[in-house]
Amino acid sequence: MKKLVLMFLIVAFFAVGCAPKVKPMYYWGNYSQTLYSMKKNPGDKTTAAHQACLVQIIKDSEAHNTRVPPGVYGELGFMCMQEKKDQDAIKYFKTEETTYPESSVLMEKLIASAKSDEKSDSEQK
Amino acid sequence: MKIFKLAALIAVAIFSLTACGPNMVTKKQAYGEMYKEKPVSLLVLPPINQSTAADAKEFYDTTIAEPLTLHGYYVFPIEVIDSIMRNEGYPDTEELVNVPPQKFKDLFGADAVMFIVIKKWDTSYYVIGGNVKVSISYIIKSTTTGDVLWRYHDTLKVDTTGQNRVGGIAGLVLQTVETAVKTAMTNYVPIARRLNFIALNAIPAGKYSPVYEKDMKQRISKSQTQPEK
């Protein structure tokens with residue numbers, strides 16, 4: 001009887017041995033693919049697709065309660081800056097900086113340049 | 001006598017199994033400096049392309065950020081860095097190696113820089129087959145001391161020989177055509193991804209990794225960690 005219980009316990013142990021699910025560190029989605037397409041066929045369509053991918057990565061990460069991968073806010077901010085959406089750009093750069101303090105030298109630089117772009121744009125108007 | 005023979009056989013088998021021992025090192029032995037300095041942020045510089053494929057560099061760039069972050073590093077957004085460096089007139093050739101790594105600490109606040117040299121990114125055909133070869137050398141340098149913290153190089157060759165089973169000359173002709181088509185279609189990017197996967201297995205885990213400072217005893221191939229001849 002004791003043996004049977006022991007055996008049962010061993011079997012149970014092995015059965016659950018592989019159970020704990022490892023949560024992925026980051027959700028990168030289709031990042032590599034959309035970036036590749038953008039470089040292979042540069043244009044509005046592929047650029048929009050890559051930008052949508054970055055937005056999706058942020059959504060997925062929030063949904064799974066994981067950190068947004070390094071550089072994603074920064075890259076999205078940079079794309080916004082190129083579209084002259086400087087307010088959005090600044091917002092993303094700041095989020096990158098708070099998520100990853102290591103990025104602060106670069107982010108402060110980008111924030112400064114987005115601010116000066118914004119200023120020169122409004123002066124032109 | 002029989003037992004003796006058996007024992008000898010087992011001894012030989014064990015010997016051949018462990019024969020690769022001296023060629024293996026632990027991560028700690030190979031990259032002690034990296035464990036000491038503990039860089040958190042990595043700046044991936046635009047790859048230096050020594051291959052004959054002009055577009056290798058741009059396409060390679062799409063494959064490296066993701067696996068590096070999964071090994072626990074903060075990786076500066078590569079597209080942003082490339083663009084800034086282009087605007088500020090940094091060389092995108094071998095001359096990049098001559099820029100003192102310390103410079104990238106001032107410019108971007110990076111703890112370390114990663115140089116990538118694409119040595120081969122090419123296709124070869126021969127009568128009855130073909131293959132695609134990607135060969136890359138990775139070097140991480142400290143932006144504090146300028147020393148090499150991590151170094152790894154490897155080559156991946158993927159056979160693209162067609163697999164049809166028609167015999168004779170007709171079969172050979174068919175196979176040659178099939179090989180050419182298959183080789184042309186084989187994308188380099190998945191091969192580069194696999195190569196990154198293999199190479200980065202040898203990098204000490206970074207701050208954001210669950211195995212940070214717990215992977216020092218992991219064994220890796222020694223020859224890939226040595227400077228190339």
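Scroll up a little and you will see the structure.
Below is a short write-up of the structure. Since the model is a prediction, treat every value here as computed from it, not as a measurement. (Residues numbered from 1 in each chain as written. Chains lettered and ligands numbered in written order. Predicted model: local features only at pLDDT ≥ 70, side-chain atom pairs only at ≥ 80, totals over all residues. Heavy atoms only, no water.)

On to the packing of aromatic side chains, then. Two aromatic rings are characterised by how far apart their centres lie and by the angle between their planes. Taken as a whole, this structure holds 11 aromatic pairs over all chains when the rule is applied. With centroids separated by 5.1 Å and ring planes inclined at 85°, the aromatic side chains of Y74 of chain B and F76 of chain B adopt a geometry described as edge-to-face. Since its relative accessible area comes to 0%, Y74 of chain B is described here as buried. Put simply, the rings of Y100 of chain A together with Y74, F76 and Y208 of chain B touch in pairs and so form one group of aromatic residues. (Phe/Tyr/Trp six-rings, centres within 6.5 Å; stacked < 30°, edge-to-face > 60°. Buried < 20%, exposed > 50% of the residue type's maximum accessible area, 1.4 Å probe, protein only.)

Before going further, it helps to examine the packing of helix 4 (residues 72–82) of chain A against helix 5 (residues 86–99) of chain A. All names here are of chain A. As a packed pair, helix 4 and helix 5 sit with axes 8 Å apart at the nearest point and diverge in direction by 165°. With respect to helix 5, the axis of helix 4 lies roughly antiparallel. Our pair here, helix 4 against helix 5, has a crossing hand that is left-handed. Taken together, the residues of helix 5 that come into contact with helix 4 (itself represented by V72, Y73, G74, L76, G77, F78, C80 and M81) are D86, D88, A89, Y92, F93, T95, E96 and T99. A breakdown of the residues in the contact of helix 4 with helix 5 according to their chemical character gives 9 nonpolar, 4 polar and 3 charged. (Axes fitted to C-alpha atoms, helices over the stretch in contact; angles between N-to-C directions. Helix = DSSP H or I, 4+ residues; strand = E, 2+ residues; numbered from the N terminus. Parallel < 35°, antiparallel > 145°, perpendicular 65-115°, else oblique. Left-handed = near helix turned anticlockwise from the far one by under 90°. Contact = heavy atoms within 4.5 Å. Nonpolar A, V, L, I, M, F, W, Y, C, P; charged D, E, K, R; others polar.)

Residues and elements named next belong to chain B. The sheet contact formed by strand 6 (residues 129–142) and strand 7 (residues 148–159) spans 11 bridges and is antiparallel. Bridged to S135 within strand 7 is T155. What sits between strand 6 and strand 7 in their antiparallel hairpin is a turn of 5 residues, with G146 showing a positive phi close to 80°. (Pairing = 2+ DSSP bridges.)

Take helix 6 (residues 104–124) of chain A next. Two residues of an α-helix separated by three or four positions point the same way, owing to the 3.6 residues in each turn. In a regular helix each residue adds 1.5 Å, so 21 residues correspond to 30 Å; helix 6 of chain A covers 30 Å between its end C-alpha atoms and thus fits that length. The secondary structure elements touched by the buried residues of helix 6 of chain A are helix 4 and helix 5 of chain A together with strand 4 (74–75), helix 6 (78–87) and helix 7 (102–108) of chain B. (Expected span 1.5 Å × (residues − 1).)

The next thing to look at is the interface of chain A and chain B. Contacts between the two partners involve 24 residues from chain A and, on the opposite side, 33 residues from chain B. Of the roughly 2500 Å² buried between chain A and chain B on both sides combined, carbon and sulfur atoms contribute 66%. Linking chain A with chain B are 2 salt bridges, by the criterion used here. Salt-bridge contacts for E102 of chain A lead to K207 of chain B; the nearest nitrogen and oxygen are separated by 3.1 Å. At the junction of chain A with chain B, the criterion picks out 9 residue pairs in polar contact (both at pLDDT 80 or more). Broken down by secondary-structure element, the contributors of at least two residues to the side of chain A that touches chain B are helix 2 (31–40), helix 4 and helix 6 of chain A. Residue contributions to the side of chain A that touches chain B peak at 6 residues, all from helix 2 of chain A. Class assignment of the residues belonging to the side of chain A that touches chain B gives a composition of 12 nonpolar, 5 polar and 7 charged. (Buried area = accessible area lost by both parts, 1.4 Å probe. Salt bridge = Lys/Arg side-chain N within 4 Å of Asp/Glu carboxyl O. Polar contact = N/O pair within 3.5 Å; in protein donor to acceptor, adjacent residues only side chain to side chain.)

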